[in-house]
Amino acid sequence: MESCFEPGIWPEDRLPEAAAGYRECEICTEKSRVIWGEGNPGAPVVIILDNPGAREDKEGNEYVCGTRQTLQTALHRANLPPEDIYLTYLLKCRPLRRYNREEVRAFSKPFLIQQTIGPKFMVCLGDTVVQAMFDDREAHVKNLRGLWHVVLGYPCIVSYHPLAVRRRPNLARQFMEDWDMLGQRLSGVDNCNERLLT
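Residues numbered from 1 in each chain as written. Predicted model: local features only at pLDDT ≥ 70, side-chain atom pairs only at ≥ 80, totals over all residues. Heavy atoms only, no water.

Remarks on the pattern of salt bridges
Piece 1. For the coordinates displayed, the defined rule picks out 11 salt bridges.
Piece 2. Note that Glu102 is salt-bridged to Arg137, the shortest N-O span being 3.5 Å. Taken together, the residues span a long stretch of sequence, with Glu102 in helix 2 (residues 101–115) and Arg137 in the loop between helix 3 (127–133) and helix 4 (141–144) at a distance of 35 residues.
Piece 3. Look at Glu102 and you get partly exposed, because its relative accessible area is 43%.
Piece 4. Judged by relative accessible area, which is 62%, Arg137 ranks as exposed.
Piece 5. Lys109 is the salt-bridge partner of Asp135, the closest N and O atoms lying 2.7 Å from each other. With Asp135 in the loop between helix 3 and helix 4 and Lys109 in helix 2, this pair connects stretches of sequence that are 26 residues apart.
Piece 6. Classification of Asp135 by relative accessible area gives exposed; the value is 63%.
Piece 7. Note on Lys109: relative accessible area 13%, which makes it buried.
Piece 8. Via salt bridges that share partners, Glu12, Arg14, Arg33, Glu56 and Glu62 belong to a single interconnected network. (Salt bridge = Lys/Arg side-chain N within 4 Å of Asp/Glu carboxyl O. Helix = DSSP H or I, 4+ residues; strand = E, 2+ residues; numbered from the N terminus. Buried < 20%, exposed > 50% of the residue type's maximum accessible area, 1.4 Å probe, protein only.)

Have a look at this one:
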């Protein structure tokens, strides 16, 4: 059954009019594609990545990038259906040039907070997102994964960026452990203690 699974292109959530000011972000250019999110906006799980990856190949054909392939495969293995997932980004554009990282992240975070209202659970992937959401430049996935936290009032787990897992296969086991932990909590099996972030 595992071999039958193929990652797919999820429905894209467009930039809402109320957030049109995001186009003033330093990384937005005339060629930038703003990706507000993808998947089910009403899903119980919100996953946050640092920024969107490539959407089209050199011929302009839409495809599923490696990051999304790895993520969707892990979700499938953990029995987390696509309808339970909303994927969004700290930065809503794929950066096409050098930029001031601190300023752009500070500019983008309020838009992300405005967007993440109402999930049951949040998942922060990669050190960039963890540091932004935990307001701690010294925060790292390796020290925080495997535990439940509370971020913006929601139960939250952290794990490695899917691209890191692709580059370092030794992280795959821990990556899957984190998704299995979420799956257990979502199904009501797990009653772990949470760390409140103030």
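Description of helix 2
Piece 1. Under the 1.5 Å per step criterion, the end-to-end length of helix 2 is 21 Å for 15 residues, consistent within 8% with the ideal 21 Å.
Piece 2. Maximum bend of helix 2: about 25 degrees, positioned at Ser108, with proline Pro110 one to four residues after it.
Piece 3. For helix 2, the complete set of buried residues consists of Val104, Arg105, Ser108, Lys109, Phe111, Leu112 and Gln115.
Piece 4. The elements touched by buried residues of helix 2 are strand 2 (37–39), strand 3 (45–49), strand 4 (85–89) and helix 3.
Piece 5. For helix 2, the capping residue at the N-terminal end is Asn100, with a side-chain oxygen 3.3 Å from the backbone nitrogen of Glu102. (Expected span 1.5 Å × (residues − 1). Bend = angle between axes of the 7 residues up to and from the residue. Contact = heavy atoms within 4.5 Å. Polar contact = N/O pair within 3.5 Å; in protein donor to acceptor, adjacent residues only side chain to side chain.)

So, the layout of surface pockets
Piece 1. When its volume is computed, the largest pocket comes out at roughly 370 Å³.
Piece 2. Of all the secondary structure elements, the ones that give two or more residues to the lining of the largest pocket are helix 1 (66–77) and helix 5 (162–167). (1 Å grid on protein atoms, 1.4 Å probe; cavity = no way out; pocket = protein on both sides within 12 Å on 5 of 7 lines; lining within 4 Å. Points joined across faces, edges and corners; volume = space filled by probe spheres on them.)

Concerning the environment of Tyr99
Piece 1. You can see Tyr99 is positioned in the loop between strand 4 and helix 2.
Piece 2. In sequence terms Tyr99 and Leu152 are 53 residues apart; their C-alpha atoms lie 27 Å from each other.
Piece 3. Once you skip the residues sitting within four places of it in the chain, Tyr99 turns out to touch Glu26, Ile27, Leu91 and Val104.

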